[in-house]
Amino acid sequence: MINIEWRKDTLVLLDQTKLPTEISYVHCTDWRQVAEAIKMLRVRGAPAIGVAASYGLILAAMEADRQEVPFSEQLTSLYDFSETLKETRPTAINLAWAVDRVISLVKANVKSLSSMSEVADLITKEAIIIHEEDVSLNCRMAEAGATLFEGKNNIRILTHCNAGALATGGLGTALGVVRKLHKNGQLERVYADETRPLLQGARLTAFELHEDGIPVTLETDNMAAYAMQQGLIDAVIVGADRITTKGDVANKIGTYGVAVLAKFHNIPFYVAAPYSTFDFTLESGTDIPIEMRDDYEVTSLHGVQTAPNGIGVLNPAFDVTPHELVTAIITEEGVLKPNYEESIGKLRQIVESK
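Residues numbered from 1 in each chain as written. Predicted model: local features only at pLDDT ≥ 70, side-chain atom pairs only at ≥ 80, totals over all residues. Heavy atoms only, no water.

Novice: How would you explain the sheet that holds strand β1 (residues 4–7) if you had to name every residue and give the values?
Specialist: With antiparallel pairing, the three strands of this open sheet are ordered in space as β1-β2-β3. Here the strands that pair on one side only, and so sit at the sheet edges, are β1 and β3 (25–28). On average, adjacent strands in this sheet sit at an angle of 20° to one another, irrespective of strand direction. In this sheet, strand β2 (residues 10–14) lies alongside β1 in antiparallel orientation, the contact comprising four bridges. Looking at the pairing, Ile-4 lines up with Leu-13 of β2. (Pairing = 2+ DSSP bridges. Helix = DSSP H or I, 4+ residues; strand = E, 2+ residues; numbered from the N terminus. Axes fitted to C-alpha atoms, helices over the stretch in contact; angles between N-to-C directions.)

Novice: Go over the sheet that holds strand β14 (residues 328–331), please, and point to the residues and values.
Specialist: Taken in spatial order, the seven strands make up an open sheet running β6-β5-β4-β7-β10-β14-β15, and their pairing is mixed. If you trace the sheet from one side to the other, it starts and ends with β6 (216–219) and β15 (334–336), each paired once. Taking each pair of neighbouring strands and ignoring which way they run, the sheet shows an average axis angle of 25°. As paired strands, strand β10 (residues 269–272) and β14 are joined by three bridges and run parallel to one another. In the strand pairing of β14, Tyr-270 is matched with Ala-328.

Novice: Summarise the layout of surface pockets; cite the residues concerned and give the values.
Specialist: Space inside the largest pocket adds up to approximately 410 Å³. If you go around the largest pocket, you meet 15 residues; those closest to its centre are Thr-17, Leu-198, Tyr-296, Glu-297 and His-302. For the lining of the largest pocket, the secondary-structure elements that each account for two or more residues are α10 (296–299) and β11 (300–301). For the lining of the largest pocket, the per-class residue count stands at seven nonpolar, four polar and four charged. (1 Å grid on protein atoms, 1.4 Å probe; cavity = no way out; pocket = protein on both sides within 12 Å on 5 of 7 lines; lining within 4 Å. Points joined across faces, edges and corners; volume = space filled by probe spheres on them. Nonpolar A, V, L, I, M, F, W, Y, C, P; charged D, E, K, R; others polar.)

Novice: Outline the nonpolar core, listing residues and values.
Specialist: Core analysis: the biggest nonpolar cluster contains 44 residues, and Leu-11, Val-43, Leu-78, Val-119 and Ile-123 have the highest contact counts within it. Those elements giving two or more residues to this core turn out to be β1, β2, β3, α1 (31–39), α2 (46–66), α3 (71–86), α4 (93–109) and α5 (116–146). With 13 residues, α2 is the largest single contributor of residues to this core. Other than its neighbours up to four places away in sequence, Val-119 contacts Ala-61, Phe-71, Leu-75, Leu-78, Val-106 and Leu-113. (Core = buried A, V, L, I, M, F, W, Y, C linked by side-chain atoms within 4.5 Å. Buried < 20%, exposed > 50% of the residue type's maximum accessible area, 1.4 Å probe, protein only. Contact = heavy atoms within 4.5 Å.)

Novice: Mind laying out a nonpolar patch on the surface, listing which residues take part and the relevant values?
Specialist: Taken together, the side chains of Met-1, Ile-2, Ile-23 and Tyr-25 define a hydrophobic patch exposed on the protein surface, amounting to about 370 Å² of accessible area. Note on placement: Met-1 falls in the segment before β1. The class for Met-1 is exposed, based on a relative accessible area of 58%. (Patch = residues over 30% accessible without salt bridge, like charges linked within 9 Å, V, L, I, M, F, W, Y side chains within 5 Å. Areas by Shrake-Rupley, 256 points an atom, 1.4 Å probe, with all protein chains shown as cover. Salt bridge = Lys/Arg side-chain N within 4 Å of Asp/Glu carboxyl O.)

Written out as structure tokens, the structure is:
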């Protein structure tokens, strides 16, 4: 099943809002369609929206090329389009990382470029590289994460939201580790939180694991404490949308509560995320912008009203788990452990020296 695919002049995205009952695709021929797909969660997951946005910039360059204005003004339009793309989801840093990476490449080579068609070609090559890198680093994260479970069998993992193949360009971050443990014959079962209010755990995580023949049990979010109390969980593995230099982690709303529960029950809490998820401009999680979403996501479910008219709603899309609750962070360059300021600093040195 294709999640993200570039086809000549069209970005094809699996419409994740239709899962699990319908498999359909969005065909984006305009960068605004890509922005809408990101905003409305048709494509979601921090790595995946970074990949999608990089392809979206090809469409933005193509549109700029059609403008009958000087090349310099076409470039200005492209840069404006890129800023609009970045604003679609403010919390997930991979989005801004991918857009900034592509636009920085354009600016670095602008003197050697004479037309927007050349710019589009340059962006296309870089977007494909970003996509291929995501596939590769997912495999490397899976290998690294599996080292945390050496010599262990019948492992039972709890995960929250969706950090699988549907959220990335490859195997997944958290679910990449799960897939590796399953391949090794070490995994007994995954417990998937349904993840309110949009049910990514139920609609997406449970769907993709079930499709792959990986044992999975769905539970509502408020059953995680029960599962831990009953001794059903050996470890928690989640993804991330942004990680600060201290190791504070922004992830789908409800993750912080799971981390607190894991701490109380002496269960390791692991985060799996690529280098592009780290925000080296922020030290504390209190500085991470938290996206607030529409009330209807809480007051209705699949178009059916579930709350009184006019009721006040609190609907943050993410929360922040303090680094003190994170046992380890799994990356493509290995497993990071406290002190996170030191281990994350070393990760940055390794990646930037390549």
